[in-house]
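These are the residues of each chain, in order.
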Amino acid sequence: MKNKGPDAHQTPMRDFVVEVERPSSADLAAYTRAERYRILCANTEAHRAQLENWLETQDLWREVGDLRAETGFNLIFMECTPNVAKQLVRAPGVIDVLPVTELEAGLQSVI
């Protein structure tokens, strides 16, 4: 992650989940389960790197506390200001941005 400015944590930060594009099921059908997992992990990591570059070009790094893509799911976890979260919907490859609390509530209703 790039260096953030001195005012990185002056604005309250919240946790968000960023949903990014992923290969279609049809594109993945020919691969084994292990290969699909590797492809999906690589896809999420590529989107994380792309998002880092976008944040830098938009001069938004000072409002980002953390950025993680730790799974094969097409989700990136971010700690950032609400301003950055609003801007993220315009980032390349981003499908949706949700506060973590909304994701947790949605998962609870499924269980």
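Residues numbered from 1 in each chain as written. Predicted model: local features only at pLDDT ≥ 70, side-chain atom pairs only at ≥ 80, totals over all residues. Heavy atoms only, no water.

(A) The arrangement of the sheet that holds strand 3 (residues 75-80) in detail. Pairing in this open sheet of 4 strands is antiparallel, and the strands run 2-3-1-4 from one edge to the other. Two strands in the sheet have a free side with no partner beyond their single neighbour: strand 2 (64-68) and strand 4 (94-99). Shown here is a sheet whose adjacent strand axes are inclined to one another by a mean of 20 degrees, direction ignored. Where strand 2 and strand 3 come together, 4 bridges link them in antiparallel fashion. Residue pairing for strand 3: R68 is matched across the bridge by F77. (Pairing = 2+ DSSP bridges. Helix = DSSP H or I, 4+ residues; strand = E, 2+ residues; numbered from the N terminus. Axes fitted to C-alpha atoms, helices over the stretch in contact; angles between N-to-C directions.)

(B) Local environment of the side chain of H47. Along the chain, H47 falls in helix 2 (residues 33-57). Among the residues examined, H47 registers a relative accessible area of 10% and is labelled buried. A distance of 3.2 Å separates a polar side-chain atom of H47 from the backbone oxygen of E21. Contact partners of H47, with chain neighbours within four places excluded, come to V20, E21, I76 and G93. (Buried < 20%, exposed > 50% of the residue type's maximum accessible area, 1.4 Å probe, protein only. Polar contact = N/O pair within 3.5 Å; in protein donor to acceptor, adjacent residues only side chain to side chain. Contact = heavy atoms within 4.5 Å.)

(C) Structural context of helix 2. For helix 2, built from 25 residues, the straight-helix expectation of 36 Å at 1.5 Å per residue is met to within 8% by its first-to-last C-alpha distance of 36 Å. Among all positions in helix 2, only L40, N43, T44, H47, R48, L51, E52, W54 and L55 are buried. Those residues of helix 2 that are buried lie in contact with strand 1 (14-20), helix 1 (25-28), strand 2, strand 3, helix 3 (82-88) and strand 4. (Expected span 1.5 Å × (residues − 1).)

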